[in-house]
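Each chain, letter by letter, is given below.
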Amino acid sequence: MNIHEFQAKKLFADYSIPVPEGSVATTPQEAIEISSIHNNNVVVKAQIHAGGRGKAGGVKLFSDSKEIESFSANLLGSNLITAQTGKSGVPVNKLLVEKIYDIHREIYLAIIIDAVTKSIICVASEFGGVNIEEVAESNPDKIFTVVADPILGLQPYKLRLLAKKLNITSDLIRSFSGLATSAYNLFVENDCSMVEINPLVITNDRLLLALDAKVNIDDDALFRHPELVHLRDINQEDERETRADKSNINYVKLDGNVGCLVNGAGLAMATMDVISESGSQPANFLDIGGGADEDKVAEAMKIICSDTDVDKIFVNLFGGILRCDVAARGIVQASKETTIPPIIVRMLGTNADEGAQILLDSSLEVKLIHDLHDARKEFLKS
Ligand code: GDP
Ligand code: MN
């Protein structure tokens, strides 16, 4: 679960991570009222669940109340498109209005989970700010990581070494180390999958300040954080993902055109690999999950088909607890309520032949394959 910057900054404050002074506005009038507290020297920031706002015009510095009013009026109620959103962008319903600080340096700092070391790691660079993606591309040696010990956490001596690599001067090493430790504690205690501060700035007054805040909380751990559940903002989430969630279907929207209906997360990932390797792109990840019945399969199919990017579908099922004939009936059921594009079907396991026959007897455009190698041919991009 992603949360907004202003919510993440409240969490930061709870953990004594310094953040700029500011408040949230939902109307231009409120934006002006908050600005006046800071003599109109404010930065106005669109609150959306995506980064890249700076470059997309969603973060702007002001010194005049008239300009704040028109900027806020334009942004509120509109969709902001950034490099990290889809083509249609994400709605802006709130603005964060903050006092401007004079920046001496911008640092990148994040706590994430690293699959390679199977650890929580701290990632940092002295070249933080809006161009961090380019730094990662062109200067990967300028990005440093520290692996956290599962018991000892981010040990202070490692953080001091990190601070040196980031060219942080000795007067700020202690506060840097303390801040990174707080970010780590926040990460662990709230079951986060990411805590990112970009930029973490050193101000001209030699203060460390989290100018931006991005926090992602592991959905599967939310059951033990009832205090965090209300931070969810479904307006920011993909409609189909929310709908799938209601039926306990694991669905993630992706950029391609090949819809995927699969049972099992591993098989779903392998399916996406085959599609990508063939030169096409999956339109979604979908794991129908255990114990699916006809209705659930139909719902999954309808969700896939509601994505206008989808022009063909790969149904890749291994019949076990979910029998292939049940899945096939679910697909046929969906076809009565929605238009289904051509489907390529691979069914193995319990009642595979029966399932295949049900699909062949339907009015659907079906191509049966038996082997994943055959799937490659289907998804070769001409
Ligand atoms: P993002 O582009 O979505 O990551 O949005 P950020 O919150 O990181 O803001 C983008 C950029 O705006 C930052 O990297 C800063 O350079 C600039 N910015 C944001 N707040 C301030 C501020 O208080 N003072 C100054 N001088 N620049 C700011
Ligand atoms: Mn940022």
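Basis of the calculations
Residues numbered from 1 in each chain as written. Chains lettered and ligands numbered in written order. Predicted model: local features only at pLDDT ≥ 70, side-chain atom pairs only at ≥ 80, totals over all residues. Heavy atoms only, no water. Donors = N, O, S within 2.8 Å, 3.2 Å for Na, K, Ca; no water. Helix = DSSP H or I, 4+ residues; strand = E, 2+ residues; numbered from the N terminus. Buried < 20%, exposed > 50% of the residue type's maximum accessible area, 1.4 Å probe, protein only. Salt bridge = Lys/Arg side-chain N within 4 Å of Asp/Glu carboxyl O. 1 Å grid on protein atoms, 1.4 Å probe; cavity = no way out; pocket = protein on both sides within 12 Å on 5 of 7 lines; lining within 4 Å. Points joined across faces, edges and corners; volume = space filled by probe spheres on them. Nonpolar A, V, L, I, M, F, W, Y, C, P; charged D, E, K, R; others polar. Domains from an automatic or database assignment. Polar contact = N/O pair within 3.5 Å; in protein donor to acceptor, adjacent residues only side chain to side chain.

(A) How the structure looks around the coordination of the manganese ion (ligand 2). On the protein side, the manganese ion (ligand 2) has Asn198 (O) and Asp212 (OD) as donor atoms, found 2.1 to 2.2 Å from it. Of this pair, Asn198 sits in strand S10 (residues 192–203) while Asp212 sits in the loop between strand S11 (208–210) and strand S12 (214–217); the two residues are 14 residues apart in sequence, bridging distant segments of the chain. A relative accessible area of 12% places Asn198 in the buried class.

(B) Highlighting the pattern of salt bridges. Within the structure shown, the criterion is met by 23 salt bridges. In this structure, Asp238 and Arg240 form a salt bridge, with 3.6 Å as the shortest nitrogen-oxygen distance. Since its relative accessible area comes to 25%, Asp238 is described here as partly exposed. With a closest N to O distance of 2.9 Å, Asp307 and Lys253 form a salt bridge. Of this pair, Asp307 sits in the loop between helix H10 (294–305) and strand S16 (312–319) while Lys253 sits in strand S13 (residues 250–253), and the two are 54 residues apart along the sequence. Residues joined in a network through salt bridges with shared partners are Glu5, Lys9, Lys45, Arg53, Glu98 and Asp212.

(C) Fine view of the layout of surface pockets. In this structure, the largest pocket occupies an estimated 1900 Å³ of space. Residue lining of the largest pocket: 45 residues in total, with Glu237, Asp238, Glu241, Val252 and Lys253 positioned closest to the centre. Taken together, the residues of the lining of the largest pocket break down into 13 nonpolar, 16 polar and 16 charged. At the level of secondary structure, the elements contributing two or more residues to the lining of the second largest pocket comprise strand S2 (42–46), strand S3 (59–62), strand S6 (95–99), strand S7 (103–114), strand S8 (119–125), helix H4 (132–138) and S10. Split into classes, the residues belonging to the lining of the second largest pocket amount to 23 nonpolar, 11 polar and 12 charged. Looking at the lining of the second largest pocket, you find at least three residues from each of domain 1 (21–99) and domain 2 (103–230).

(D) Spatial organisation of the side chain of Thr82. One can find Thr82 in the loop between strand S4 (79–80) and strand S5 (90–91). Reaching out from Thr82, the side chain makes a polar contact with the backbone oxygen of Gly51 at a distance of 2.7 Å. A distance of 2.9 Å separates the side chain of Thr82 from the backbone nitrogen of Gln84, its partner in a polar contact.

Worth remembering: the numbers are spatial, not functional.
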